[in-house]
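Chain by chain, the residues run as shown.
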Amino acid sequence: MSHEQDVANRIDGAEINNQLIELANIGGIEHESTEDHPIHLGSNRMALTHHDLEARENFVAPLMAEAGMDIIDDHPLSLVGRYPGQDASLDPVLLISHIDTVPDGDIYDGVLGVIGGIAVVKAIDEEGITPERDILVVSLTGEESSRFNIALFGSCALFQGLTEDELVSRKPDGPTISEALSEVHA
């Protein structure tokens, strides 16, 4: 059997689903169960809110550590876990998604990319494989537009920085991105 198949066989879909449900409970709303959805939750982790930051610190970061990753960057707009490869001079493999949500959002939207990426790294670690290059799992904040009326500002911040116009983005009667970032650092 190939290493790829061994890794794939270690990935437990039921465990991933349970983690998604557990994460959805951070700021989530339980909806009436149906036959198709015995556990039916809506996620409410708007970017840079208490629930968003709690999910990163108390759920995602520990999962990264459990999977054998080091946290190499942890600031309000991204959480980056690194699984070391054989040659750090090579460009890393990036697995990027987000855990912030729209109000009453689906438990899989974006979040599956982060939790699934961690599950892949955990399986690689359990197989004792050292990849040729580093693997980075990046959990961005600010990919949904629902709190500040601008989407993908976490990606923009990580790859090119935010402009003054982006930093003052807001919904009516809500804080700007800059104000929310200041509250996080307070």
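Above this text sits the structure in question.
Residues numbered from 1 in each chain as written. Predicted model: local features only at pLDDT ≥ 70, side-chain atom pairs only at ≥ 80, totals over all residues. Heavy atoms only, no water.

**Student:** Looking at this model, I keep getting lost on the packing of aromatic side chains. Mind explaining?
**Tutor:** Each aromatic ring pair is summarised here by two numbers: the centre-to-centre distance and the angle between the ring planes. In total, this model carries 1 aromatic pair according to the counting rule given. Considering the side-chain rings of Phe148 and Phe153, the 5.5 Å spacing of their centres and the 85 degrees angle between planes classify their relative orientation as edge-to-face. For Phe148, a relative accessible area of 1% gives the class buried. (Phe/Tyr/Trp six-rings, centres within 6.5 Å; stacked < 30°, edge-to-face > 60°. Buried < 20%, exposed > 50% of the residue type's maximum accessible area, 1.4 Å probe, protein only.)

**Student:** For this particular structure, what's the right way to read the pattern of salt bridges?
**Tutor:** Oppositely charged side chains can form a pair if their charged atoms are brought close together. For the structure shown, the criterion picks out 6 salt bridges. Close ionic contact of Arg82 with Asp134 constitutes a salt bridge, the shortest N to O distance being 3.8 Å. Of this pair, Arg82 sits in strand β4 (residues 78–83) while Asp134 sits in the loop between α4 (111–126) and β6 (135–140), and the two are 52 residues apart along the sequence. Here Arg82 falls in the partly exposed class, since its relative accessible area comes to 24%. Overall, Asp134 belongs to the buried group, its relative accessible area being 8%. What emerges from the salt-bridge pattern is a single network uniting Arg10, Glu126 and Glu127. (Salt bridge = Lys/Arg side-chain N within 4 Å of Asp/Glu carboxyl O. Helix = DSSP H or I, 4+ residues; strand = E, 2+ residues; numbered from the N terminus.)

**Student:** I would appreciate a short explanation of the pairing of β6 in the present structure.
**Tutor:** Within a regular strand, side chains alternate between the sheet's two faces. Here β6 lies mainly inside the structure; 6 of its 6 residues are buried. Burial of the side chains of β6 extends over both faces: Ile135, Val137 and Ser139 are buried on one face and Leu136, Val138 and Leu140 on the other. Of the strand pairs in this sheet, β4 and β6 are connected by 6 bridges, and their pairing is antiparallel. Each residue of the ladder has a partner; that of Arg82, found in β6, is Leu136. The β-α-β motif built from strand β5 (residues 93–98), the intervening α4 and the parallel element β6 has right-handed crossover chirality. (Pairing = 2+ DSSP bridges. Right-handed = clockwise from strand over helix to strand, strands pointing away.)

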